[in-house]
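Residues per chain, in single letters:
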Amino acid sequence: MVKKKREYVSTPLSSPICTWALPLVARVGKQWFPSGTAIIISDWFALTAKHVVEDFMDKFGTKVKSDGDFHHNFCMQAVQVLDGGKAAVMLDIDRIWRCGNTDVAFLRLKPRSEESLHFDWKRVVIDLKPLECGQEVVAFGFPRPSIELDSGEDVEKIRWTIDPVTTTGEVIEVFGEKRDSVFLNFPCYQVNARFEPSM
């Protein structure tokens, strides 16, 4: 079997994937913590890794309400790149659902601008068939993002630095039921693609 070459390459903001993949941030007052990437799966809904949400919960705190729901001590937002990288809009995340048996969380997006209201939602196809060893994988994300604040008298400006990256590799091991009983106690697989934090 011929081994496919692994790659880790910068991706321009003009790439279509940058419209559908969203860098995430948690915010408390003037404290911003960028981390994680979500993918739009339907009108006003996106999917991310559950551990990204739980990292925000650990950092900023979350309380369980009397009805069993959660009250987060932070606001969660996403950025959507539009017009081939020439513009960007902020989206609020007003509801989070964490899947108990996987590392998956669903996010409900809320518009903050007219551009978001008129966005032409296209459908992203999700294939849930299990992967096999040797199968090629392509992944995308915004590794190691940073935010700088410029607080003026009347307005607060933020500079959110992102470097979109596409990485490729192949599946090297499949865990049909779980990898272990503590960290990955759900079906998953291991790949040899390079991933950095926030991808």
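Model, not experiment: these values are computed from the prediction. (Residues numbered from 1 in each chain as written. Predicted model: local features only at pLDDT ≥ 70, side-chain atom pairs only at ≥ 80, totals over all residues. Heavy atoms only, no water.)

### Remarks on the overall build of the protein
Item 1. Secondary structure summary: the protein contains three helices and 14 strands in total.
Item 2. Here the C-alpha coordinates of the protein stretch approximately 60 × 45 × 30 Å along the principal axes.
Item 3. The 199 residues of the protein split such that 37% are buried.
Item 4. As presented, the protein carries roughly 12,300 Å² of accessible surface, and 51% of it is formed by carbon and sulfur atoms. (Helix = DSSP H or I, 4+ residues; strand = E, 2+ residues; numbered from the N terminus. Buried < 20%, exposed > 50% of the residue type's maximum accessible area, 1.4 Å probe, protein only. Areas by Shrake-Rupley, 256 points an atom, 1.4 Å probe, with all protein chains shown as cover.)

### A word on the packing of aromatic side chains
Item 1. Applying the stated criterion to the full structure yields nine aromatic pairs.
Item 2. Ring plane angle 75° and centroid distance 6.4 Å describe the contact between Phe-33 and Phe-60, whose orientation is recorded as edge-to-face. Separated by 27 residues along the polypeptide, Phe-33 in strand β3 (residues 31-42) and Phe-60 in helix α2 (residues 50-60) bring together distant segments of the chain.
Item 3. Residue classification places Phe-33 among the partly exposed positions, given a relative accessible area of 27%.
Item 4. With a centroid separation of 6.0 Å and 45° between ring planes, the pair formed by Phe-60 and Phe-74 is classed as tilted. (Phe/Tyr/Trp six-rings, centres within 6.5 Å; stacked < 30°, edge-to-face > 60°.)

### Things to note about the layout of surface pockets
Item 1. Of the volumes computed, that of the largest pocket is approximately 2,100 Å³.
Item 2. Lining the largest pocket we find 46 residues, and of these Leu-47, Asp-103, Val-104, Leu-131 and Tyr-189 sit closest to its centre.
Item 3. Looking at the lining of the largest pocket, the elements with two or more residues in it are β3, β4 (45-49), α2, β9 (104-111), β10 (136-141), β13 (165-175) and β14 (188-191).
Item 4. A breakdown of the residues in the lining of the largest pocket according to their chemical character gives 31 nonpolar, nine polar and six charged.
Item 5. Taken as a whole, the second largest pocket spans an internal volume of roughly 380 Å³.
Item 6. Counting residues per element, the lining of the second largest pocket draws most heavily on strand β8 (residues 87-98), which supplies six residues.
Item 7. Here the residues of the lining of the second largest pocket are counted per class, giving seven nonpolar, two polar and five charged. (1 Å grid on protein atoms, 1.4 Å probe; cavity = no way out; pocket = protein on both sides within 12 Å on 5 of 7 lines; lining within 4 Å. Points joined across faces, edges and corners; volume = space filled by probe spheres on them. Nonpolar A, V, L, I, M, F, W, Y, C, P; charged D, E, K, R; others polar.)

Just distances and angles here, no functional claims.
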